[in-house]
Amino acid sequence: MNTIPSALIAGMLPCAAKNNIRGYLNGVFIEPRNGKAIAVSTDGHVMCIAHTALEWDFGAIVIPRDVCEKLAKMKGDIVFSSAGEGRRFKATCGSSTIEFAAIDDRFPQWRDVVPELLDQAPAAFALGVLDPVVKSAQAFAKGFGSKKYSGVVLRPVGERAMLAGLAGINEGEAIERVDYVVMPLRGTYPGVIDPEAARA
């Protein structure tokens, strides 16, 4: 059954693009892997990847941002079903149903930008770029987090990116793991924290 908690959509939204010329970024991407849903959202600077224990057999779809904003406000599980021919779907939560067309553009090969090797080298990030990570982590903590602790564990990857993992997800929840990939800034930019200066 293709059921996604509304809290998952709420956690993905802060990292999704708004009015990006690349239309496929303006939404939340869901794809199956071994029958389980993986959700991905990105604005081109930061990416959120949620690995779930939720069954998903629709194949890969991009749910438009305006639809996701409505779904995120619902409380409870959202059941997705086909709505006729083509790429049309229904999202039902309780007595509310939204019918929508999935974004046709192909979502990027997101695995290609996920760093595999952690070299612990410093990298510089503008604070504004980290805002979506904080907002997303807060939404996931609210929806699925531990009452004792929830936070983000940073894993620097030097000049390529920073990996951040959400800590504090309760065991047995629908969300198994949430990762963030943050692309660093290169050169000298206003408002950038210099990691070497920060060590001093």
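Residues numbered from 1 in each chain as written. Predicted model: local features only at pLDDT ≥ 70, side-chain atom pairs only at ≥ 80, totals over all residues. Heavy atoms only, no water.

Asks: Can you lay out the sheet that holds strand E6 (residues 77-82) for me, pointing to particular residues and giving the numbers?
Replies: Taken in spatial order, the 4 strands line up as E1-E6-E7-E8 in an open sheet, and their pairing is antiparallel. Of all the strands in the sheet, the pair left with one neighbour each is strand E1 (3-5) and strand E8 (96-101). Across the sheet, the mean angle separating the axes of adjacent strands is 25 degrees when strand polarity is ignored. Two strands pair when backbone bridges link them, and E6 and strand E7 (residues 88-93) are joined in this way by 4 bridges, in the antiparallel orientation. (Pairing = 2+ DSSP bridges. Helix = DSSP H or I, 4+ residues; strand = E, 2+ residues; numbered from the N terminus. Axes fitted to C-alpha atoms, helices over the stretch in contact; angles between N-to-C directions.)

Asks: Before we move on, could you go through helix H2 (residues 65-73) and cite the residues and values that matter?
Replies: Taken residue by residue, H2 has Arg65, Val67, Cys68, Leu71 and Ala72 as its buried positions. Along H2, the residues classed as buried sweep out an arc of 150 degrees about the axis, all on the same side. Away from its buried face by more than 90 degrees, H2 exposes Lys70 and Lys73. Residues of H2 that are buried sit in contact with helix H1 (6-12), strand E2 (27-33), strand E5 (61-64), E6, E7 and E8. (Buried < 20%, exposed > 50% of the residue type's maximum accessible area, 1.4 Å probe, protein only. Arc of directions from axis to C-beta. Contact = heavy atoms within 4.5 Å.)

Asks: Lay out the nonpolar core in plain terms, naming residues and giving numbers.
Replies: Within the largest apolar cluster, 44 residues are counted, with the highest numbers of intra-cluster contacts made by Ile4, Leu8, Ile63, Leu71, Phe80, Phe140 and Tyr180. For this core, the element with the most residues is helix H3 (residues 127-144), which contributes 5 residues. Other than its neighbours up to four places away in sequence, Tyr180 contacts Cys15, Met47, Cys48, Val133, Ser136, Ala137, Phe140, Met162, Leu163, Ala164 and Leu166. (Core = buried A, V, L, I, M, F, W, Y, C linked by side-chain atoms within 4.5 Å.)

Asks: Break down the pairing of strand E11 (residues 175-182) for me, with residues and values.
Replies: The buried fraction of E11 is high, at 6 of 8 residues. Here strand E4 (residues 46-55) pairs with E11 via 7 bridges, running antiparallel. From the neighbouring strand, Val46 faces E11, where its bridge partner is Val182. The pairing of strand E10 (residues 162-167) with E11 spans 4 bridges and is antiparallel. Counterpart to Gly165 in the pairing with E11 is Asp179.

Asks: Help me get a handle on the pairing of E10, residues and values and all.
Replies: For E10, the tally of buried residues reaches 6 of 6 residues, placing the bulk of the element in the interior. The alternating pattern of E10 places Met162, Ala164 and Leu166 and Leu163, Gly165 and Ala167 on opposite faces, both of which are buried.

Asks: Hey, could you go over the pattern of salt bridges for me, with residue numbers and the actual values?
Replies: Summed over all chains, the structure comprises 4 salt bridges. Notably, a salt bridge pairs Glu31 with Arg111, separated by 2.9 Å at the nearest N-O pair. Residue Glu31 is found in strand E2, and its partner Arg111 is found in the loop between E8 and H3; the two are separated by 80 residues along the sequence. You can call Arg111 partly exposed: its relative accessible area is 37%. Put simply, Arg177 and Asp179 hold a salt bridge, and the shortest N to O gap is 2.8 Å. For Arg177, a relative accessible area of 41% puts it in the partly exposed group. (Salt bridge = Lys/Arg side-chain N within 4 Å of Asp/Glu carboxyl O.)

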